[in-house]
Amino acid sequence: MLIFVARRLGLMLLSALVLTFVVFYLTNLPPNLEKLARSEGSVRMTDEAVAQWIIDNGYGGSVIGRYGQWLGVVPGWSNVDEKGVPRGRCFAAGSDPALAPSYCGILQGDWGYSTYFRGPVLPNLGEKLGATGVLMLWVMIVMIPTSLLIGILAGMREGSRTDRVLSTFSIATTATPEYVSGVVLVALLASPVTGLSPLLSEWGVIDGKILFQGAASPDRITFWSFTLPVLTIALYGIGYIARMTRASMTEVMTAQYIRTARLKGVGFRQVVLRHALRNALIAPFTVIMLQFPWLLNGVVIVETLFNYKGFGWTLVVAAGNNDINLLLGCSVVAVFVVLVTQLISDIGYVFLNPRIRLS
Amino acid sequence: MEDLSYSAILIRILIQLVPVWIALAVTFAVSIGFKRRLGLYGKLFDSPVGMIGFGMVMFWVFTALLADMVVTFDPYAPFSGMKNVPLGTVLVGASEGDYSHFLLGGDNLARDVFSRMVMGARSVLSIAPAATAFAFMVGITLGVPAGYFGGRFDTGLSFVANLVLAFPVILLFYLLVTPEIVDHRILFFSAFLSDAAELACKAEDSVTADTFACFGLSIPTMLAAVLFIFPIIFISILLNARFFTNPMKRNLYVGIVLVIGLWAYSGLAFNMDPLGVWSMEPNLLNVFVSVVFVNAPTVFRIVRGIVMDLKARDYVAAGQTRGEGPWYIMLWEILPNARGPLIVDFCLRIGYTTILLGTLGFFGLGVAPDSPDWGSTIDEGRKTLNMFPHAAVVPALALMSLVLGLNLLADGLREESLRD
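Residues numbered from 1 in each chain as written. Chains lettered and ligands numbered in written order. Predicted model: local features only at pLDDT ≥ 70, side-chain atom pairs only at ≥ 80, totals over all residues. Heavy atoms only, no water.

## Focus on the overall build of chain B
Summing up its helical and strand segments, chain B has 19 helices and four strands in all. A principal-axis box enclosing the C-alpha atoms of chain B has dimensions of 80 × 70 × 40 Å. Residues classed as buried in chain B amount to 55% of the 420 residues present. For chain B, the share of sequence-separated contacts (at least 6 apart) that also reach a separation of at least 24 residues comes to 72%. Both charge centroids of chain B, one from 26 positive and one from 32 negative side chains, sit 12 Å from each other. (Helix = DSSP H or I, 4+ residues; strand = E, 2+ residues; numbered from the N terminus. Buried < 20%, exposed > 50% of the residue type's maximum accessible area, 1.4 Å probe, protein only. Contact = heavy atoms within 4.5 Å. Lys, Arg positive; Asp, Glu negative; His and termini not counted. Charge placed at Lys NZ, Arg CZ, Asp CG, Glu CD.)

This is the structure we're talking about:
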């Protein structure tokens with residue numbers, strides 16, 4: 001077991017290194033650096049001035065060296081610009097280089113300076129992650145019980161009318177990406193001109209013009225502002241997890257031991273709850289864990305659509321504003337989330353399923 | 001003339017789609033008539049779910065093909081006074097021969113939403129199936145030998161596939177689908193060039209420097225160069241494994257494939273087709289390549305899994321005993337037996353690719369800013385979502401119905417292919 005976990009961890013570390021390097025390389029392409037120079041320096045800089053700015057600010061030199069600096073395994077750059085001011089990665093321009101640490105990368109907790117937030121990346125990113133965490137918590141609370149329930153009810157009696165209705169519903173939700181369900185939900189429930197809201201406000205059921213709000217904010221979490229974003233993310237996942245649960249449930253329900261239990265006279269409800277459920281829920285567990293990367297996509301779309309200032313919104317802003325350090329920070333978080341969920345799903349699967357033995 | 005009621009709008013849309021209905025009716029009549037002779041495709045018409053799915057998919061396919069007959073207006077042209085108008089509004093100042101109404105309203109830039117949705121079908125369906133097919137070619141060409149041989153080759157490829165899969169899709173799109181990356185060429189011989197020569201190479205108009213030393217490709221072109229070669233490799237190996245006992249025939253077939261394949265390859269990947277028949281816009285190429293790149297690893301994993309399962313079968317052992325080569329066994333004995341799950345996954349994956357393309361459009365990374373494809377129109381429409389939802393809802397429902405149709409079709413196919 002330990003060797004298995006150690007090998008998985010080693011592979012994960014290697015993946016993380018490769019992936020962050022790819023992101024680093026792509027965000028630090030010369031055209032991006034030139035754009036950065038012009039937005040940080042001045043728009044009317046000559047090409048020579050841009051090249052000089054890039055060198056003065058430590059973006060010259062080889063990509064691998066700069067990646068090492070960003071990671072914190074290579075000493076940070078330092079130089080003196082033409083005005084004689086010492087500049088470096090690890091200290092503010094003008095202060096004494098001798099006092100600064102020589103290594104300052106993400107390993108040392110220095111995630112760099114965000115040009116969009118005009119501040120260090122780490123606290124800003126942490127705050128946004130917190131906001132997304134709240135959103136995700138509600139998504140999980142809505143998504144997991146609903147999807148498991150749908151899957152179990154559908155898989156309990158394969159081919160029944162309940163099964164067909166619920167399966168159609170699951171297929172329909174997997175065919176509806178977040179940007180479609182979000183748009184449709186807003187049009188139906190949060191628009192003052194179409195859908196339910198004008199009717200309800202005419203009847204006097206609701207005070208305002210709209211039923212739910214089409215925008216959400218981490219500072220004011222209410223039922224009316226959170227329902228639509230949470231529902232939008234959850235819907236896409238519900239169909240998928242429900243289908244997996246259904247497949248696994250139907251398989252278990254045809255197993256020999258279920259038939260034995262039925263023949264011994266155990267009631268249907270007891271068979272489902274005590275015998276089938278535990279085995280049927282192993283496969284969905286893996287699926288739920290592997291769903292996290294997908295949820296990450298959903299989060300980016302929904303936060304953009306509902307203007308919720310969380311992690312996904314930050315990623316879009318960072319990419320749109322060429323904020324290299326912020327984008328790198330976002331990708332570290334994203335890659336970390338994906339790899340850790342993969343690891344948990346693998347290990348959890350082994351724990352849950354005693355039939356799998358590790359060689 | 002006055003604005004239309006909802007039922008009148010519906011009737012007018014149905015009338016406008018008459019060419020599509022005719023094509024659909026003919027397809028269904030012929031298919032059901034000959035369904036016993038049509039193999040798996042014919043069996044599809046035994047399952048109601050599969051038929052509904054097939055109908056929805058073919059509806060959009062015919063809409064895309066016959067879009068020129070279906071549209072009521074030029075999807076790119078703005079009409080004065082029609083900005084954000086609701087459904088069924090009369091066209092202000094219609095000239096002779098113009099259609100009288102904006103059936104599904106006007107968008108933010110006063111264009112006809114209905115016509116844009118219809119043209120969007122063409123835009124989406126010209127990319128999604130082709131991109132999926134390329135992803136399948138890459139996945140099959142790499143996945144079959146990885147599953148059959150195993151070993152280092154398999155370990156290495158699986159690691160790379162997992163790497164790509166661990167990348168959050170949207171982040172990858174934001175990094176790959178940008179205008180900067182299209183323009184930026186990476187010079188292959190920069191290590192041998194002086195700084196001045198390198199700058200001269202990078203400047204677009206410089207022909208002064210040695211052109212060979214200046215050889216460089218942008219990242220999307222490099223990806224295209226790698227990904228687009230796989231169909232040629234696949235078909236060549238396929239034919240070679242079948243006909244190598246008959247060199248005359250083999251040389252003819254493989255030769256034809258190589259000539260046509262490399263001709264298309266030079267045009268599509270490098271935009272250097274000497275005859276100018278094959279070409280792709282740099283932006284389109286970028287979108288296309290990114291979508292193939294994201295899909296290929298999943299296909300690889302599926303194919304690898306199926307092949308690992310099938311290679312323990314008796315007919316494989318029989319082939320090995322007969323002394324058949326590994327490529328013949330892989331491509332002509334294992335692959336045909338894996339076609340059921342692969343066809344099902346192909347349908348599902350076209351839907352997934354459609355969703356991905358929509359995501360790209362939604363983030364404004366689409367083919368062109370004024371393109372009528374559904375993702376871009378949803379992105380444009382959401383800016384006025386609260387007051388004028390129709391501009392975003394119409395393409396959203398269109399996209400949903402296409403993907404739903406593909407999912408139902410895949411479900412029907414799965415049912416029918418499991419039955420035999």
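Following the structure, the description resumes.
## Points about the pattern of salt bridges
Residue and element names in this part refer to chain B. In this structure the tally under the stated criterion is 17 salt bridges over all chains. Ionic pairing is found between Glu324 and Arg322, a salt bridge with its closest N-O pair at 3.0 Å. For Glu324, a relative accessible area of 24% corresponds to the partly exposed category. Taking the relative accessible area as the measure of exposure, Arg322 reaches 55% and is therefore exposed. Put simply, Arg382 and Asp379 hold a salt bridge, and the shortest N to O gap is 3.0 Å. Under the relative-accessibility criterion, Asp379 is labelled buried at 10%. (Salt bridge = Lys/Arg side-chain N within 4 Å of Asp/Glu carboxyl O.)

## Focus on the interface of chain B and chain A
Between chain B and chain A, the residue contacts involve 40 residues of the former and 49 residues of the latter. For the pairing of chain B and chain A, the buried interface totals around 3900 Å² over both sides, and the portion due to carbon and sulfur atoms is 80%. If you look at where chain B meets chain A, you find one salt bridge. In this structure, Arg243 of chain A engages Asp411 of chain B in a salt bridge whose closest nitrogen and oxygen atoms are separated by 2.9 Å. Considering every element that reaches the side of chain B that touches chain A, the biggest residue donor is helix H19 (residues 390–419) of chain B, with twelve residues. A class-by-class count of the residues in the side of chain B that touches chain A yields 30 nonpolar, six polar and four charged. (Buried area = accessible area lost by both parts, 1.4 Å probe. Nonpolar A, V, L, I, M, F, W, Y, C, P; charged D, E, K, R; others polar.)

## Focus on the packing of aromatic side chains
Across all of its chains, the model carries 34 aromatic pairs over all chains by this definition. Aromatic rings pair up to connect Phe21, Phe24, Tyr25, Tyr67 and Trp70 of chain A into one cluster. Taking the ring centre of Phe268 of chain A as reference, the NZ or CZ of Arg157 of chain A above it sits at 4.2 Å. A cation sits over an aromatic face here: Arg242 of chain B above Trp332 of chain B, 4.6 Å from the ring centre. (Phe/Tyr/Trp six-rings, centres within 6.5 Å; stacked < 30°, edge-to-face > 60°. Lys NZ or Arg CZ within 6 Å of the ring centre and 35° of its normal.)

## Thoughts on the domain arrangement of chain B
The accessible area lost on association of the parts is a frequent measure of interface size. Under the domain assignment, chain B is made up of domain 1 (6–122 + 376–419) and domain 2 (129–186 + 217–344). Between the C-alpha centres of domain 1 of chain B and domain 2 of chain B the distance comes to 32 Å. (Domains from an automatic or database assignment.)

## Here's the deal with a nonpolar patch on the surface
Residues and elements named next belong to chain B. Taken together, the side chains of Leu10, Ile11, Leu14, Ile15, Val18, Trp21, Ile22, Val26, Val30, Phe34 and Leu38 define a hydrophobic patch exposed on the protein surface, amounting to about 980 Å² of accessible area. Elements supplying a minimum of two residues to the nonpolar patch: helix H1 (6–16) and helix H2 (18–33). No other element matches H2, which puts five residues into the nonpolar patch. Looking at the element boundaries, Ile22 is found in helix H2. (Patch = residues over 30% accessible without salt bridge, like charges linked within 9 Å, V, L, I, M, F, W, Y side chains within 5 Å. Areas by Shrake-Rupley, 256 points an atom, 1.4 Å probe, with all protein chains shown as cover.)

## Comments concerning H1 of chain B
Residues and elements named next belong to chain B. Of the residues making up H1, those classed as buried are Ile9, Ile13 and Gln16. Take H1 and look down its axis: the buried residues cluster within an arc of 60°, on one side only. Those residues of H1 that are exposed and aimed more than 90 degrees away from the buried face are Leu10 and Ile15. Tucked into the core, H1 has its buried residues touching H2, helix H5 (67–70) and helix H6 (113–149). (Arc of directions from axis to C-beta.)

## Topic: the nonpolar core
All names here are of chain B. In terms of nonpolar packing, the biggest core is built from 190 residues, with Trp60, Phe228, Phe363 and Trp374 touching the most fellow members. When residues of this core are assigned to domains, at least three fall in each of domain 1 (6–122 + 376–419) and domain 2 (129–186 + 217–344). Contact partners of Trp374, with chain neighbours within four places excluded, come to Trp60, Met117, Gly120, Ala121, Val124, Pro395, Ala398, Leu399 and Leu402. With 19 residues, the next largest nonpolar core counts Val144, Val299, Met330 and Leu331 among its residues. (Core = buried A, V, L, I, M, F, W, Y, C linked by side-chain atoms within 4.5 Å.)

## Let's talk about the packing of helix H5 (residues 121–156) of chain A against helix H14 (residues 324–352) of chain A
All names here are of chain A. Where H5 meets H14, the closest approach of the two axes is 10 Å, and the angle between their N-to-C directions is 50°. Taken together, H5 and H14 sit at an angle that is classed as oblique. Pair H5 / H14 crosses with right-handed handedness. Taken together, the residues of H14 that come into contact with H5 (itself represented by Val121, Leu125 and Leu129) are Asn325, Leu326, Gly329, Cys330 and Val333. (Axes fitted to C-alpha atoms, helices over the stretch in contact; angles between N-to-C directions. Parallel < 35°, antiparallel > 145°, perpendicular 65-115°, else oblique. Left-handed = near helix turned anticlockwise from the far one by under 90°.)

## Looking at the packing of helix H9 (residues 223–253) of chain A against helix H11 (residues 268–280) of chain A
For any two helices packed against each other, one specifies the crossing angle of their axes together with the interaxial distance. Residue and element names in this part refer to chain A. With their axes 10 Å apart at the nearest point, H9 and H11 run at an angle of 120° to one another. As summarised for this structure, H9 and H11 are arranged oblique, according to the angle between their axes. Pair H9 / H11 crosses with right-handed handedness. Contacts between H9 and H11 involve Ser248, Met249, Val252 and Met253 on the former and, on the latter, Phe268, Val272, Ala276, Asn279 and Ala280. Here the contact of H9 with H11 is built from residues that sort into seven nonpolar, two polar and no charged.

## Some remarks on the confidence of the model for chain B
Residue and element names in this part refer to chain B. Per-residue pLDDT for chain B averages 86, and the proportion of residues at 70 or more is 94%. Here residues 205–209 is a poorly scored stretch, pLDDT under 50, and it has four contacts once near neighbours within four places are set aside; other chains count. Across the interfaces of the predicted complex, the ipTM metric reaches 0.86, alongside a pTM of 0.89. (pLDDT = per-residue confidence, 0-100.)

## As for the environment of Phe54 of chain B
Residue and element names in this part refer to chain B. The residue Phe54 is located in helix H4 (residues 48–65) in this model. Residue Phe54 is classed as buried on the basis of its relative accessible area of 8%. Through-space distance from the C-alpha of Phe54 to that of Asn407 is 9.6 Å; in sequence the pair is 353 residues apart. In contact with Phe54, other than residues within four places in its own chain, are Thr27, Phe28, Tyr41, Leu44, Phe45 and Leu409.

## As for unusual backbone geometry
Here the phi dihedral of Arg118 of chain A falls at roughly 55°; this positive angle occurs in a residue that is not glycine. Along the polypeptide, Arg118 of chain A turns up in the loop between strand S3 (113–114) and strand S4 (119–120). Of note, the phi angle at Asn84 of chain B is positive, near 55°, even though the residue is not glycine. Secondary-structure assignment places Asn84 of chain B in the loop between H5 and strand S1 (89–90).

## Points about the environment of Phe215 of chain B
Relative to the helices and strands, Phe215 of chain B is located in the loop between helix H10 (195–202) and strand S4 (216–218). With 107 residues separating them in the primary sequence, Phe215 of chain B and Asn108 of chain B have C-alpha atoms 44 Å apart.

## As for the side chain of Ser376 of chain B
Residues and elements named next belong to chain B. Within the secondary structure, Ser376 is located in helix H18 (residues 374–381). Within the structure, Ser376 has its side chain in polar contact with the side chain of Asp373 (distance 2.8 Å). Setting aside residues up to four positions removed in sequence, Ser376 forms contacts with Gly361, Phe362, Ala368 and Ser371. (Polar contact = N/O pair within 3.5 Å; in protein donor to acceptor, adjacent residues only side chain to side chain.)

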